[in-house]
Amino acid sequence: MRNRVGRSRELGRTGFTKGLSIVLEDGTRKGSLATGVRPTIQESGKSDMEQTLRHIFDVPMASETTFSLDNRVDIGSIQSYLQTRLSDLSNLEDNVNYPLRDGVSIVDSDFGDGVVIMDGTSLSGEMRLTKGSLVVESQAIFSSIRANACVCKGKWMYEVILETAGIQQLGWATRSCSFTREEGVGDSKDSYAYDGKRVRKWSESCQPYGQPWVPGDVIGCCIDLDAGQISFYRNGYFLGVAFDGVGSVMPKLPYYPAISLSQGERCELNFGARPFKYPIKGFFAIQASPVIKDGDYIVSATTRAHYLLGCLQRLVQLDSHELVAAMTPVERLRRLKPLSYDSYIVGEEICKPLVSLLSDNSKGVVRHTTTYLTWGALVPFLMEIHGVESPHDGSSVDRALDLLLPALDSQTKRICIAQVMEALAFGCRTSPITLVHCPYTGSYPYLALACHLLHRDEVMVPWCRSEEFESCLEGLLTRKGPNKFDLGTLLPTVWWPGSREDLCSESNMRQTVSALSKTIDKVEELQWQLCRYLLDFVPHQSATDMNLGIRPSPEPVFRTFVKHLMNKNKGAARNIPPPGLSDNSVLVAVYTVLLRLLSEGLNPSSLDNGKEQDCSVGFLHRGGKQCFKARLFLDSDTCANDFSRLGGTFSHLRKTHVLDEEEYKDVEWEEGFMDDGGSGITHSGKQKPCCCSGLSSSSIIGSKTASRILRKSFNIHLNGVSVSNSNSSATDVSNRILFNEEVEDTPSSSGRGSLGFTSLSFQHLKKTGSKSFFLSDGVREDELLDTMVLLYHLGVAPNFKQASYYLQHQLQAIGQLDETDRQIHAEQGSGDFLRRLKEARALYREDLIDCVRQSTWYRVSLFSRWKQRGMYATCMWISQLLLLLSKKDVLFSFVPEYYVETLLDCFHALRRSDPPFVSPMALLQQGLSSLVTFLAGHFNDTRIANSDIRDVLLQSISVLVQYKEHLVAFECNSAAVDVMPVALLSSFDSRFWIPVTNILLRLCKGSGFGASKSSTHGESCSARFQCLLRECCITDEKLFSCFLNRLFNTLNWTISEFSVSLKEMQEQSDQRQLQGPDLQQRKCTIMFELSCNLERVLEFFTHELPQAFLCGSEMNLLRLCEVLMFILNHTTSSADALLFDSTVRQQGQSPEKMNRAMILAPLVGIILNLFAAQISPNLRTRHDLAETIANVDVSSAAIANFHYLLEYNWASAFKGDPSLPRLCQLRDFIQKLKAVTLPAMWEELEDDLRLIKVEVDHAAGKYCTSEEKDDICSICYVCEVNTMFFPCKHKSCWRCISRHLLNSQRCFFCNGTVQDLRTLSAIPSNGNSQFRGPGAPNGLVAESGVLVKIDSP
């Protein structure tokens, strides 16, 4: 109890107002009057009733006032005492010293005299002013505005509540400050501003100041004209004096509150129309609080309201079972006797003057009193009674409302209820999570009270009819997030695997993560409870509405709100989002509610005395026949029309497709209809998917509590809540060892009993019956699923992307910190380099701590077991829907792209979860085989217009096939086996070659020289897919030829880029890079890795299809040898090879990421593969590898390069690799190469002598004939001219022409289109559609550049 009272007082001081907390503290000092305990000194001669009444009205012990007569309540005495006591409040010191307001000047406005608003006449730019011109939103690049009030002396303040956290300049300015579209507050000498986005203060120039801000922050802007200072506060925290000498520039000019906002920024200002969230001692609000003139005295209306509400609180809490339960045995003996039936009479007398204050009927009360007293007195009163922590005193709140609400007239009641809900929404938006108060912190106390109030129809109905209902509900669903500074207080101690920091503690961080997890769970439970009240609530038509002809919406309130939310935020995914978007936490909260609804369901009939129930209670877990409303994709009046579809834009598709009634029909299918494995894994079958079987818990490797989790995971209570725990994660999956804190398996963390309103949770459901609300009111579950998918795309997906970013950055920071520590330990002395290393280490450490905190926060706020269960079921549902629609071309084109993005994002979030949701083996095979089918069949689907979507599909396959557990799912999937090999080779183009290369590399891993020791691309390899790729290439020569040509082109480009990057890095080698790899170094590393990967792919095909190089077109082998020699010249014995070593060494590259063995090993494998095939008696070769290499390079350096390969220390690089014994064949190949090279060298020498003779003859005037000139190709100047283009008839050699036609079908002389090729010895007279050349009688040259003829061995 003492902790609870303390929290309530603190909430009052940092919440709405501190007035009520002062009253309560006085009551506590006077004998625990607020708790209903007798004073220590007994009042002799006083009856129990009299003592109780004296306690209620806070009568001093020395007073002789009595309230009872003949043991009955004397109403006249109560009325007389209240009148006297309220008059006496005028003599209190706080009221005598009520501040004079001669230092402020307010221009009258349409909202009333003395009301401070933003002055629209001072606006520069474009702004949208709402809520009485107190909420401003910039709709121009830069907009500025002043208030209609100014101050010239004294100490004043106002508060700014940030609804966005971008560039905003908040502060003070004189009228002489000129606002333009480029300059605003703080850009001139006579204006001063604070900007938390850039963390700067502005006054003509800027300087670092303050802290970064986040949405929901309350910025206090204070000016002390007596001292000439301006200061700012963030959430009550003093940021320091920002400016001195204020008023010295233009001392005669007063200062106006003024703000400047960039486009899309939005904030709300409070000049005193309601109590400040964080009042600053000594500073006064610009707008005066409501006061009452009582004779010669001025008394604050809030003071009187506090006293009356204090009396009412003491009255209603006399019967509070919660307070009695919290008392000590001694306090229970001293407990005052409740009034029983007289409580209503006493309560009526207390409420009469209180209602008079709230209704603005008291003489001398200024306008806007109702709003101020509701925020400053009534809401803190309700919060104090209800309690900040569980168990809540809901019964006392109900008794207070039963007394107060009937006494209010209808208009005042509507205003009060709307303002109460607005105040609670404001608390949710602005209250941060604090570690010391977990788990009852953040928005929890405000949400708990809101949920309790809304079970009353007299509160629910007027609130739902209020003008600000949507924005108020958004505020209640808002959860204020932390920034980097706030996370430092939430997670003061951090830990990561391998941490050697003295201040790092794994156990301390475990406790912190557990506390934060419980806080998030409790807030989400209350958000579900709030939305649950609205799910099936339809406001009835009142008599007033009938008279005015107003017909209420027949839809449930929640459905109307969701429609509003979708229309408001449909542009959130644009590159430049429009203004007016909701806070991200609102989208996440509504998504969470819908996920729980569709996954866990609402049906109370599933009870079975608390025993374990069937998991398939929600829409997502129902088996059997499935149905989806196709009209959701085709109608033109949905908010999804702003999003791209798989076939293009919605408007384009509607123009190009004529839709008939057949397309508008609902699509239906049986669950598991695309189960290629025939396993029969369905929700209605015997073998259930992961989300509804023990696999979601029991197959977690190393989970000691798996069986306990399984028993508790899916218990369904009447209120849809279970008090059960499970394991959750708070760190990255790569390390797999951070935190295994216990968070909730089910959607509830607290249990409904602790909230204090168990019996009321299904009041509306009992009224409407037990049938599902979405069926009775025309809302289909598939419509809710469609909305949930869009909410995931708009709100949840960005959070997962941020989490993934911080996770990856954390791993990089750990590596950088470890590497820097290694260099510091290796460095001797205390020179400048050591100092720079230590500075770099400090930066790395700070960056790492921030990443750990951010990753932990995202993991705590996004993951829980029940959410993972729902996400898995969502993946199943979407993947089956997409597969079905893919069989209907028109419908498939209309599918929004975010369906595919949500499917993959959900799946990968589950895959990366730690501890895992299920075992990696079961993740795909126990329910998501349809996802494998979709991935394999549609990454090369031309119906998908956006190449980025196809790239995402390829990237997903690339990630999955690197793990054996996931690769098995592809091997067992018939669709993947049938289409993936052909689709992979077809997709290897300028857009998708990187992911295709990664996939091929991972499928073919282990077949190359030294490849078994490479761990770069996981441990997977697939003999089945290797066989399928070989069969595909043999069957479709044209496809393989196109792929091989693109492979050579890409490898040439990456090797060239790598060589250029090495030279550019060498130019920068004089400067040591301590702040991590720069752009050039990253480029060099990437190009090196890509080159190695492409070489490995080429090595695989030389192993599986050596006949394509030795028996097919000579061009294939020639291009292969050119690549070999180019790489060898740059990595072995030339100057570039020395550059490779020096650059890698100086730039500090990790040997695991870049070393010579990685790029040379595939070359050795290629040579050994082709040489082994060449000497094999089973293959009849047409081309010789050694001779082709000699044609490419006959210098002695070429022989030296191959000797380098032979003498390289492969045993150290690939210790124990089974391919090392094959090196003996390399020695045999070198011997043959020497034998072939010597005659070639003599032939080259003779050619050189012949050229010298021609040049000598030319100098002597002896010119060669035209026939001699035409014999040599003008492109290569090596081969003879033997082929002619048709119809242009230009001539060249077959080798140059065939190489050119691989990538272009135009003549390289005249750029004309080539229709045919003719040999000069025999030119056919008739046209031929197939191009034939003398150098390749069996090779066809068509548009695709086919130059491969594969002979089966």
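Our structure is the block above this text.
Note that the coordinates shown come from a computational prediction; the quantities given were computed from them, not determined experimentally.

Undergrad: Could you give me a rundown of the pairing of strand β12 (residues 200-203), with the residues and numbers involved?
TA: In this sheet, β12 lies alongside strand β11 (residues 191-195) in antiparallel orientation, the contact comprising three bridges. Opposite Y194, over in β12, you have K201 as the bridge partner. Pairing analysis gives four bridges linking β12 to strand β13 (residues 205-208), with the strands arranged antiparallel. Within the sheet, the bridge partner assigned to K201 lies in β13 and is Q207. From the end of β12 to the start of β13, which pair antiparallel, there are one residue, and E204 there has a positive phi angle of about 70°.

Undergrad: Can you lay out helix α4 (residues 75-88) for me, pointing to particular residues and giving the numbers?
TA: Compared with an ideal rise of 1.5 Å per residue, which puts 14 residues at 20 Å, α4 spans 20 Å between its outermost C-alpha atoms and is within 8% of the ideal. Every buried residue of α4 is listed here: I78, Y81, L82, R85 and L86. Projected down its long axis, α4 carries its buried residues within an arc of 125°, all on one side. Tucked inside the fold, the buried residues of α4 contact β2 (72-73), α6 (301-316) and α9 (343-358).

Undergrad: Can you break down the side chain of S893 residue by residue, with the values?
TA: By the element assignment, S893 lies in helix α30 (residues 889-894). Of note is the side chain of S893, whose polar atom sits 3.0 Å from the backbone oxygen of D889. With residues up to four places along the chain from it excluded, the contact list for S893 reads R645, L646, G647, L653 and H657.

Undergrad: Account for the nonpolar core, with residues named and values stated.
TA: Burial of nonpolar side chains together is a common tendency in soluble globular proteins. F57, L424, W463 and W1210 are the most contacted members of the largest nonpolar core, which has 278 residues in total. Other than its neighbours up to four places away in sequence, W1210 contacts F1009, A1157, L1160, A1161, V1164, L1205, K1215, L1220 and L1223. Ranked by size, the runner-up nonpolar core spans 39 residues in total, among them A147, V151, L239 and L269.

Undergrad: Break down the pattern of salt bridges for me, with residues and values.
TA: Two side chains carrying opposite charge are able to pair once their charged atoms lie near each other. Here the structure, examined in full by the defined rule, presents 43 salt bridges. Note that E1057 and K1083 form a salt bridge whose closest N and O atoms lie 3.1 Å from each other. Pair noted here: E1057 is in helix α39 (residues 1037-1067) and K1083 is in helix α40 (residues 1079-1104), with a separation of 26 residues, a long-range link. Its relative accessible area of 28% is what places K1083 among the partly exposed residues.

Undergrad: If you had to explain the environment of E600 to someone new, which residues and values would you point to?
TA: Take E600: it is sitting in helix α20 (residues 584-600). Judged by relative accessible area, E600 falls into the buried class, the value being 12%. Remark: the alpha-carbon pair of E600 and G870, spanning 270 residues in sequence, is separated by 8.0 Å. A polar contact of 2.8 Å, which involves the side chain of E600, links it to the side chain of R869.

Undergrad: Help me get a handle on the pairing of strand β23 (residues 667-670), residues and values and all.
TA: With burial as the criterion, only one face of β23 is covered, namely that bearing V667 and W669; the residues E668 and E670 on the opposite face remain uncovered. Where strand β22 (residues 625-628) lies against β23, four bridges are found, and the strand directions are antiparallel. In the sheet register, K625 faces β23, and the bridge partner there is E670.

Undergrad: Run through the packing of aromatic side chains, naming residues and quoting values.
TA: The full count for this structure, using the stated rule, is 44 aromatic pairs. For the ring pair Y591 and Y792, a centre distance of 5.5 Å and an interplane angle of 65° mean the geometry is edge-to-face. Within this pair, whereas Y591 is found in helix α20, its partner Y792 is found in helix α27 (residues 781-826), the two being separated by 201 residues in sequence. There is no split in this pair, since Y591 and Y792 are both buried. For the pair Y1204 and Y1208, a centre-to-centre distance of 6.0 Å together with 50° between the ring planes defines the contact as tilted. According to the relative accessible area criterion, Y1204 is partly exposed, its value standing at 25%. Directly above the aromatic system of W375 lies the positively charged group of R274, at a separation of 4.3 Å from the ring centroid. Residue placement shows R274 over the ring face of F426; its charged tip is 4.9 Å from the ring centre.

Undergrad: A description of the packing of α4 against α9 should follow, citing residues and the corresponding values.
TA: At a minimum axis separation of 10 Å, α4 and α9 run at an interaxial angle of 30°. Relative to α9, α4 is oriented roughly parallel. As α4 runs across α9, the sense of the crossing is right-handed. In this structure, α4 uses I75, I78, Q79, L82 and L86 to contact α9, whose residues at the interface are I345, V346, E349, I350, K352 and P353. Of the residues belonging to the contact of α4 with α9, the class tally is eight nonpolar, one polar and two charged.

Undergrad: Which residues make up the side chain of T820, and what values do they have?
TA: Tracing the chain through its elements places T820 in helix α27. What makes T820 buried here is its relative accessible area of 5%. Once residues lying within four places of it in the same chain are set aside, the contact partners of T820 are L837, R841 and Y844.

Undergrad: I'd love a proper account of the sheet that holds strand β17 (residues 256-262), names of residues and values included.
TA: Within the open sheet, the seven strands sit side by side as β4-β7-β17-β10-β11-β12-β13. Their pairing is antiparallel. The sheet is open, and its two borders are formed by β4 (118-124) and β13, each paired with just one other strand. Taking the axes of each pair of neighbouring strands and ignoring which way they run, one obtains an average angle of 25° across the sheet.

Undergrad: Any details on unusual backbone geometry? Residues and values, ideally.
TA: With an omega dihedral of 5°, the bond running from S390 to P391 counts as a cis peptide bond. Position of P391 among the secondary structure elements: in the loop between α10 (369-386) and α11 (394-404). For the bond running from C438 to P439, omega is 0°, close enough to zero to count as cis. One non-glycine residue, V199, adopts positive backbone phi at about 55°. As for its position among the elements, V199 is in the loop between β11 and β12.

The rules behind these values
- Residues numbered from 1 in each chain as written.
- Predicted model: local features only at pLDDT ≥ 70, side-chain atom pairs only at ≥ 80, totals over all residues.
- Heavy atoms only, no water.
- Pairing = 2+ DSSP bridges.
- Helix = DSSP H or I, 4+ residues; strand = E, 2+ residues; numbered from the N terminus.
- Expected span 1.5 Å × (residues − 1).
- Buried < 20%, exposed > 50% of the residue type's maximum accessible area, 1.4 Å probe, protein only.
- Arc of directions from axis to C-beta.
- Contact = heavy atoms within 4.5 Å.
- Polar contact = N/O pair within 3.5 Å; in protein donor to acceptor, adjacent residues only side chain to side chain.
- Core = buried A, V, L, I, M, F, W, Y, C linked by side-chain atoms within 4.5 Å.
- Salt bridge = Lys/Arg side-chain N within 4 Å of Asp/Glu carboxyl O.
- Phe/Tyr/Trp six-rings, centres within 6.5 Å; stacked < 30°, edge-to-face > 60°.
- Lys NZ or Arg CZ within 6 Å of the ring centre and 35° of its normal.
- Axes fitted to C-alpha atoms, helices over the stretch in contact; angles between N-to-C directions.
- Parallel < 35°, antiparallel > 145°, perpendicular 65-115°, else oblique.
- Left-handed = near helix turned anticlockwise from the far one by under 90°.
- Nonpolar A, V, L, I, M, F, W, Y, C, P; charged D, E, K, R; others polar.

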